[in-house]
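# A structural walkthrough
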Amino acid sequence: MDEILIEDLEVFAHHGVFEFEKEKGQKFLVSCHLFLSLEKAGRQDDLRLSVSYAEVADLICKEMQAQSYDLIEAAAEHLCKCILNTYEQIQEVHLELKKPEAPLPQKFGSVSVKLQRKRHHAFIALGANEGDAESQIRSAVERLKYRDDTVVLAMSELIESTPYGGVEQDNFVNGALEIETYLEPFALLEELHALEKEFGRVRHVHWGPRTLDLDILFYDDLILNTETLTIPHQDMANRDFVLNPLLEIAPWLRHPITGKSIAQMATEVKEKHVC
């Protein structure tokens, strides 16, 4: 990716844990690297095909002065989101927020935080079999659409499926969702769990009934295996109720470990069921 750089933009603002910092204010320095394609702008000499660094500088100053944060971490997080939400061309932001007048007794140059935020591409499995399952799934997707850190790109049709895992229960309603998000994997998991809880999800029986089930299937090409999160989803290759909705919105998508496409995996599961 190409870059636009803004180094040590000086802003007077009112951030800090102490009350006198909020009252008096102080100088902050903001540096950011904006990652995007500049090839067309360079060839055609057209600012409309790029991002104006003057506009970005104005945005940073405005947002730094619009409200007060205790932590520069929070101020930096807000700036990253504002930049990404304002400019669709920007795929990634590296931002450093310096506090050269921080209230420290020691002699120092500055204290700072550095954040990296980018647009991630993820696929989410949707499921429910308690209450009005279809309505709950659609309502949850609408909630995701209103988040400032997530964009819903595509949603499959909802299908009915029989329970998986041997627990006697009602049939499920299932689907799949394609999103773009600035949330890192564990932050995304945390927000999905919070949404499940909001819709009454109680985790009392493994593979049991649920009011809402939101599972991360893919996250970029990430391969992750921890106690709390495995990406790609470890058992998706055996689940037609996961693969068939994915087949509708992303048949070309490939599993980063096996290299198989969703279309291939869906065909294999179908053949197993026929046999």
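As shown above, the structure is provided for reference.
Figured I'd write up the structure that's included with this text. Keep in mind it's a predicted model, so treat the numbers as computed, not measured. (Residues numbered from 1 in each chain as written. Predicted model: local features only at pLDDT ≥ 70, side-chain atom pairs only at ≥ 80, totals over all residues. Heavy atoms only, no water.)

### Let's talk about the sheet that holds strand S3 (residues 92–99)
Defined as follows: The criterion for strand pairing is that DSSP finds at least two bridges linking the strands in question. The secondary structure listing takes helices from DSSP runs of H or I that are at least 4 residues long and strands from runs of E that are at least 2 residues long, numbered from the N terminus. Working convention: axes come from line fits to C-alpha atoms, limited for helices to the stretch in contact. Angles between N-to-C directions cover 0 to 180 degrees. Should any heavy atoms of two residues lie within 4.5 Å, those residues are considered in contact.
Strand order in the open sheet made by the 4 strands is S1-S2-S3-S4, with antiparallel pairing throughout. Each edge of the open sheet is held by one strand with a lone partner, namely strand S1 (2–13) and strand S4 (111–118). Averaged over all adjacent pairs, the angle separating strand axes in this sheet is 15°, with direction ignored. Strands in contact with helix H3 (residues 53–66) are S1, strand S2 (26–36) and S3; relative to S1, the strand with the most contacts, it is inclined by about 35°.

### Quick notes on the nonpolar core
The condition is simple: In these notes, a set of buried Ala, Val, Leu, Ile, Met, Phe, Trp, Tyr and Cys residues joined through side-chain atoms within 4.5 Å is what counts as a nonpolar core. Each residue is assigned to one of three classes by its accessible area relative to the maximum for its type, calculated with a 1.4 Å probe on protein chains only: buried under 20%, partly exposed between the two thresholds, exposed over 50%.
Of all hydrophobic cores here, the largest spans 33 residues; its most connected members are Leu34, Ile60, Met64, Ile83, Leu95 and Leu97. Among the secondary structure elements, those contributing two or more residues to this core are S1, S2, H3, helix H4 (72–86), S3 and S4. With 8 residues, the single largest contributor to this core is H4. Sequence-distant contacts of Met64, that is, excluding residues within four places in its chain, are made with Val11, Ala13, His15, Phe28, Ala75, Leu79 and Leu97.

### Observations concerning the pairing of S3
Here S3 lies mainly inside the structure; 7 of its 8 residues are buried. With 7 bridges joining them, S2 and S3 adopt antiparallel strand pairing. Within S3, the residue paired with Phe35 across the bridge is Glu92.

### A short note on the environment of Ser161
Condition: Counted as a polar contact is a pair of N or O atoms within 3.5 Å, where, for protein atoms, one must be capable of donating a hydrogen and the other of accepting one, and residues adjacent in sequence contribute only when both atoms are in side chains.
Tracing the chain through its elements places Ser161 in strand S7 (residues 159–161). Counting along the chain gives 77 residues from Ser161 to Asn238, while the straight-line C-alpha distance between them is 14 Å. Among residues more than four places away in sequence, those in contact with Ser161 are Asn171, Phe172, Asn174 and Phe241. Among the polar contacts listed, one links the side chain of Ser161 to the side chain of Asn174, at a separation of 2.5 Å.

### Regarding the packing of helix H5 (residues 133–145) against helix H6 (residues 185–198)
We apply this condition: We call two directions roughly parallel when the angle between them is under 35 degrees, roughly antiparallel when it is over 145, roughly perpendicular when it lies between 65 and 115, and oblique otherwise. What makes a crossing left-handed is the near helix being turned counterclockwise from the far one by less than a right angle; a clockwise turn instead makes it right-handed.
Between H5 and H6, whose axes approach to 11 Å, the crossing angle comes to 135°. It follows from the interaxial angle that H5 and H6 lie oblique. H5 and H6 meet at a crossing whose hand is right-handed. Facing H5, whose interface residues are Ala140, Arg143 and Leu144, H6 presents Leu192, Leu195 and Glu198.

### Things to note about H4
Test applied: By definition here, a helix of n residues has an expected span of 1.5 Å times n minus one.
Across its 15 residues, H4 extends 21 Å between first and last C-alpha, which sits within 8% of the 21 Å expected from 1.5 Å per residue. Residues of H4 that are buried include every one of Ile72, Ala75, Ala76, His78, Leu79, Cys80, Cys82, Ile83 and Leu84, and no others. As for H4, its buried residues are in contact with S2, H3, S3 and S4.

### Some words on unusual backbone geometry
A cis amide bond links Ile231 with the next residue in sequence, Pro232, at an omega value of -5°. Checked against the element boundaries, Pro232 lands in the loop between strand S11 (230–231) and helix H7 (240–249). For Asp8, which is not glycine, the phi torsion reads 50° and is therefore positive. Mapped onto the elements, Asp8 comes out in strand S1. The backbone phi angle of Asp220 is positive, close to 50°, even though this residue is not glycine. Position of Asp220 relative to the elements: it lies in the loop between strand S9 (213–219) and strand S10 (224–225). Given the relative accessible area of 30%, Asp220 is considered partly exposed.

### Some points on a nonpolar patch on the surface
Going by this rule: In this analysis, a patch consists of residues with relative accessible area above 30% that form no salt bridge, clustered at 9 Å for like charges and at 5 Å for the nonpolar side chains Val, Leu, Ile, Met, Phe, Trp and Tyr. Exposure was quantified through the Shrake-Rupley algorithm and a 1.4 Å probe, taking into account, for residues, occlusion by the shown protein chains and nothing else. Salt bridge criterion: a side-chain nitrogen from Lys or Arg within 4 Å of a carboxyl oxygen from Asp or Glu.
A surface patch of nonpolar side chains, about 390 Å² in accessible area, is lined by Val17, Phe18, Phe20 and Leu71. In this fold, Phe18 is placed in the loop between S1 and helix H1 (19–24). Take Phe18: its relative accessible area is 44%, and that puts it in the partly exposed class.

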